[in-house]
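# Structural description and commentary
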Amino acid sequence: MPSADMIETTLIEQTGNQIANGEKEFVDLESVELELALNLQTLQEFGFEECLKEASEASGFKFLFQLPVFDQIPGQRIAVMSTKDGDKLLYAVLDNTGKAIEIVPQDAMRVEIRDFASAFMDVFAQLGNLQS
């Protein structure tokens, strides 16, 4: 099994020139880590939420919630994960076929979804402060 450093180096080598030439958008390390942790076999066997919970745990993220997509966003469902410190949110979108998941960084997600996720984080931060 390749090490995390080897995987990271390979990803940089593969996409570095494309990013530098403007052929590909930059993808943050957190998105790559979560993407690498996804197991599409788990997606097919246990579903979207369980797949993302396992990937989140394996890559050091917290699974927050998932919700159905009702409008123009391509895909069936959106899930939100946060870094352990809660400073950054990542979004996972289940495609229309139900067979693939795309990890979307916070700055690439629609504003209303980002606002909803931020409000969710704020509520739980306040609940944590009340119980202290």
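Everything that follows concerns the structure shown earlier in this document.
Residues numbered from 1 in each chain as written. Predicted model: local features only at pLDDT ≥ 70, side-chain atom pairs only at ≥ 80, totals over all residues. Heavy atoms only, no water.

## Points about the overall build of the protein chain
Looking only at helices and strands, the protein chain has 5 helices and 4 strands in total. When the elements of the protein chain are put in sequence order from the N terminus, they spell out α-α-α-α-β-β-β-β-α. Every one of the 132 residues in the protein chain was classed for burial, and the buried ones make up 30%. Sequence-distant contacts in the protein chain: of pairs separated by 6 or more residues, those separated by 24 or more amount to 38%. Total accessible area on the protein chain stands at roughly 8600 Å², and carbon and sulfur atoms take up 53% of it. (Helix = DSSP H or I, 4+ residues; strand = E, 2+ residues; numbered from the N terminus. Buried < 20%, exposed > 50% of the residue type's maximum accessible area, 1.4 Å probe, protein only. Contact = heavy atoms within 4.5 Å. Areas by Shrake-Rupley, 256 points an atom, 1.4 Å probe, with all protein chains shown as cover.)

## As for the environment of Thr-83
Within the secondary structure, Thr-83 is located in strand S2 (residues 77-83). In this structure Thr-83 comes out as buried when scored by relative accessible area, which is 12%. As for Thr-83 and Glu-30, which are separated by 53 residues in sequence, their C-alpha atoms are 8.3 Å apart. Look past the residues within four positions of Thr-83 in its chain and what remains in contact with it is Glu-30, Phe-61 and Lys-88. Separated by 3.3 Å, the side chain of Thr-83 and the backbone nitrogen of Asp-87 make a polar contact. (Polar contact = N/O pair within 3.5 Å; in protein donor to acceptor, adjacent residues only side chain to side chain.)

## Looking at the nonpolar core
By size, the foremost hydrophobic cluster in this structure holds 16 residues, and its most contacted members are Phe-48, Leu-52, Met-81, Ala-92 and Ile-101. Every element with two or more residues in this core is listed here: helix H4 (48-59), strand S1 (61-68), S2, strand S3 (89-94) and strand S4 (101-105). Top contributing element to this core by residue count: H4, with 4 residues. Excluding residues within four positions of it along the chain, Ile-101 makes contact with Glu-35, Leu-38, Leu-43, Phe-48, Cys-51, Leu-52, Ala-92, Val-93 and Leu-94. With 11 residues, the next largest nonpolar core counts Ile-78, Tyr-91, Val-93 and Ala-117 among its residues. (Core = buried A, V, L, I, M, F, W, Y, C linked by side-chain atoms within 4.5 Å.)

## Side note on helix H2 (residues 29-37)
Turning to H2, its buried residues number three or more, namely Ser-31, Val-32 and Leu-34. With its buried residues spanning 165° around the axis, H2 presents them on a single face. (Arc of directions from axis to C-beta.)

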